[in-house]
Amino acid sequence: MAEASCRLSEDQFLCPICLDVFSDPVTTSCGHNFCRNCITEHWDANDQYLCPMCKKVFNTKPELLINTFISEMVAQFRQSAQQEASSSSSEQQVSKPGEVPCDVCTGPKLKALKSCLVCLASYCETHLEPHLTMSGLKRHQLIDPVENLEGRMCTKHDKPLELFCKTDQTCVCMLCTVLDHNMHDVVPMKEGYEGKKAELGKTEAEIQEMIKERQQRIRNINRRVNSSRKNAESEIAEGVEAFTALMKLIERSMDILIETIQEKQKAIEKQAEAFIKELEQEISELMKRSTEVEQLSRSEDHLHVLQSIQSMKAVPPTKDWAKVRVCPQSYVGTVARALAQLKETLSEDIKKLFKSELKGVQRYAVDVSLDPETAHPNLILSDDGKQVNHGDVKKNLPDNPERFSNCLCVFGKQSFSEQSSSSGRFYFEVEVKEKTKWTLGVARESINRKENIPLSPEDGYWTIGLRNENEYQANADPPVLLSLKSPPQKVGVFVDYEEGLVLFYDVDAAALIYSFTGCSFPEKLYLYLGPCPNDGGKNSAPLIISPVNRTETE
């Protein structure tokens, strides 16, 4: 019976007007069944009494008879459906927090399987059945269960949002396209969805690329941190070894100084002890003679006194102590000599340390050459691009944007940046011997090459130079005069992007000439050489980019 009722519900229990299960079913005289409200409203809305099914026209309003059979079958069907819903609810899942519940369930809210955009309700498996079986409900649009179905309705016209306005970039209903968006570019929601989905795909690809780039930066940062940690550990080990040796040397020098002073003091004390012992012996002899003289002077025997005086000398023989001296020792000269010796020794050891440091930065040596496209027309470059000097004749060269027009200088061909090497560091050496004037260092790519610009870090230059005889200068702001023990023959230049350093070394002396610190390098850097005018042949020697030979510092 249950199976029959289910089949009847599908074929016979739908009102032809509302397409829903009969409510208070009635039958017309032509034999067709309708809901009482549906057929009454239909006749009230028309001028004639017409059967919606067979189109039969009645002259007068027909008498509507209650269809008892259909009423009973509908009641039985509803009861059976409720029982099936009750039995199936135990098998279906009760909605959990975060899941969409069924809007029809009166007991425990079961998990919704679909949401209807027409009914604006969500249904569990049982209550979804009419939308899957009844022809009128089959036309409703079902989607995966969502909350806030009211948000899918046009708030102005209370119609489903079915279209997408590309002009205003918003979802609209059918009435919106006629009233508010009639001149806009409106497309079906699916088309708008596909377009936005394509944009999202592109955005997602861009985001993933940005994520990969940042992940790569993290790896680069970690790699550099690890490299820095290894360098720090190595430097600490070398520093501890070097300073431990220096402290041992100082301690040894101090021990020698103390030992020397103590030996001198012991010699004085030993001499003094010998003098005192000798004096004490003489005092003992004098005290003995004093006793004899005193006893003799008390005697009343005239003969004995006269005879004893003849045989007794008045004073026993003694040393002339007036010429004997024990002088306090002065140690000022000893300390001064020890400090001078220590200074000389330390100077040699510190020089070894500087050699070790220079050897360390020479690990970042790069091969550079000069770019003839940037050279001032008065400069002469060697064929291999390693030498430059000033010539008397100005060559007729194209005034390209890269060429220096006023400054007698030239750039290197190779550019350097933080990404140009894994360490962000580079080093090169330039011979300056036999030069009376010169300038060298590094400069930013964007410096003004057509005018005379002050050579300062603020203007993109990090350089040092020889201005006049033995007048060396760091081109800071203001310039810094350099005091050098001896004229450098070869200058090493070291750049560290991460630390913001530009260091200049006297290669032969293994000494630091000058350091620019706290520098910022937002763009590429280039080798910068300025050989200066040849000064009538006095300064005709070239500046030479020399190969880095690390054995020179060993």
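This text goes with the structure placed above it.
Described below are features of the structure shown in this document. (Residues numbered from 1 in each chain as written. Predicted model: local features only at pLDDT ≥ 70, side-chain atom pairs only at ≥ 80, totals over all residues. Heavy atoms only, no water.)

1. With respect to the overall build of the chain
On a plain count of helices and strands, the chain comes out with nine helices and 24 strands. Its C-alpha atoms give the chain a radius of gyration of 56 Å, more than 25% over the compact-globule value 24 Å for 554 residues. Each principal axis of the C-alpha atoms in the chain carries an extent, and together these give about 200 × 100 × 35 Å. Restricting to contacts in the chain with at least 6 residues of sequence separation, those with at least 24 account for 56%. Once the 66 positive and 82 negative side-chain charges of the chain are each reduced to a mean point, those two points are 4 Å apart. (Helix = DSSP H or I, 4+ residues; strand = E, 2+ residues; numbered from the N terminus. Rg over C-alpha atoms; globule rule 2.2 N^0.38 Å. Contact = heavy atoms within 4.5 Å. Lys, Arg positive; Asp, Glu negative; His and termini not counted. Charge placed at Lys NZ, Arg CZ, Asp CG, Glu CD.)

2. Some remarks on the pairing of strand β16 (residues 438-444)
Counting buried residues in β16 gives seven out of seven residues, a clear majority hidden from the surface. The alternating pattern of β16 places Trp438, Leu440, Val442 and Arg444 and Thr439, Gly441 and Ala443 on opposite faces, both of which are buried. Relative to strand β17 (residues 461-468), β16 runs antiparallel, the two sharing six bridges. Residue pairing across strands places Val442 opposite Trp462, the latter belonging to β17. Where β16 meets strand β23 (residues 525-530), six bridges bridge the pair, whose relative direction is antiparallel. Opposite Gly441, over in β23, you have Tyr528 as the bridge partner. (Buried < 20%, exposed > 50% of the residue type's maximum accessible area, 1.4 Å probe, protein only. Pairing = 2+ DSSP bridges.)

3. Looking at unusual backbone geometry
Of the consecutive residues Asp477 and Pro478, the connecting peptide bond is found in the cis state with omega at 5°. If you trace the backbone, Pro478 turns up in the loop between β18 (471-474) and β19 (480-482). Of note, Cys532 is a non-glycine position whose phi angle comes to about 65°, a positive value. Topologically, Cys532 is positioned in the loop between β23 and β24 (543-546).

4. Details of the sheet that holds β16
Hydrogen bonding along the main chain pairs the strands of a sheet, whether they run parallel or antiparallel. With antiparallel pairing, six strands are arranged side by side in an open sheet as β14-β23-β16-β17-β18-β19. The strands lining the two open edges of the sheet, one partner per strand, are β14 (410-416) and β19. Each neighbouring strand pair of the sheet contributes to a mean axis angle of 20°, computed without reference to strand direction. (Axes fitted to C-alpha atoms, helices over the stretch in contact; angles between N-to-C directions.)

5. What to know about the sheet that holds strand β6 (residues 114-116)
In spatial order, the strands read β7-β6-β8; together these three strands make up an open sheet with antiparallel pairing. On the outer flanks of this sheet lie β7 (121-123) and β8 (142-143), each paired with one strand and no other. The sheet contact formed by β6 and β7 spans three bridges and is antiparallel. For Lys114, the partnering residue across the bridge sits in β7 and is Tyr123. Where helix α4 (residues 125-133) meets the sheet, its contacts fall on β6, β7 and β8, and the angle it forms with β7 comes to roughly 110°.

6. Quick look at the pattern of salt bridges
For the coordinates displayed, the defined rule picks out 14 salt bridges. In this structure, the salt-bridge partner of Arg36 is Asp24, at a minimum N-O distance of 3.2 Å. Highlighted residues: Arg36 in helix α2 (residues 36-44) and Asp24 in the loop between α1 (2-11) and β1 (25-27), separated in sequence by twelve residues. Judged by relative accessible area, which is 26%, Arg36 ranks as partly exposed. Relative accessible area serves as the criterion here: at 40%, Asp24 is assigned to the partly exposed category. When the shortest N-O distance is used, the salt bridge between Lys166 and Asp185 registers 4.0 Å. Of the two residues, Lys166 is situated in the loop between β9 (163-165) and β10 (170-172) and Asp185 in the loop between α6 (174-179) and β11 (186-188); the sequence distance between them amounts to 19 residues. When its relative accessible area of 39% is taken as the criterion, Asp185 is described as partly exposed. (Salt bridge = Lys/Arg side-chain N within 4 Å of Asp/Glu carboxyl O.)

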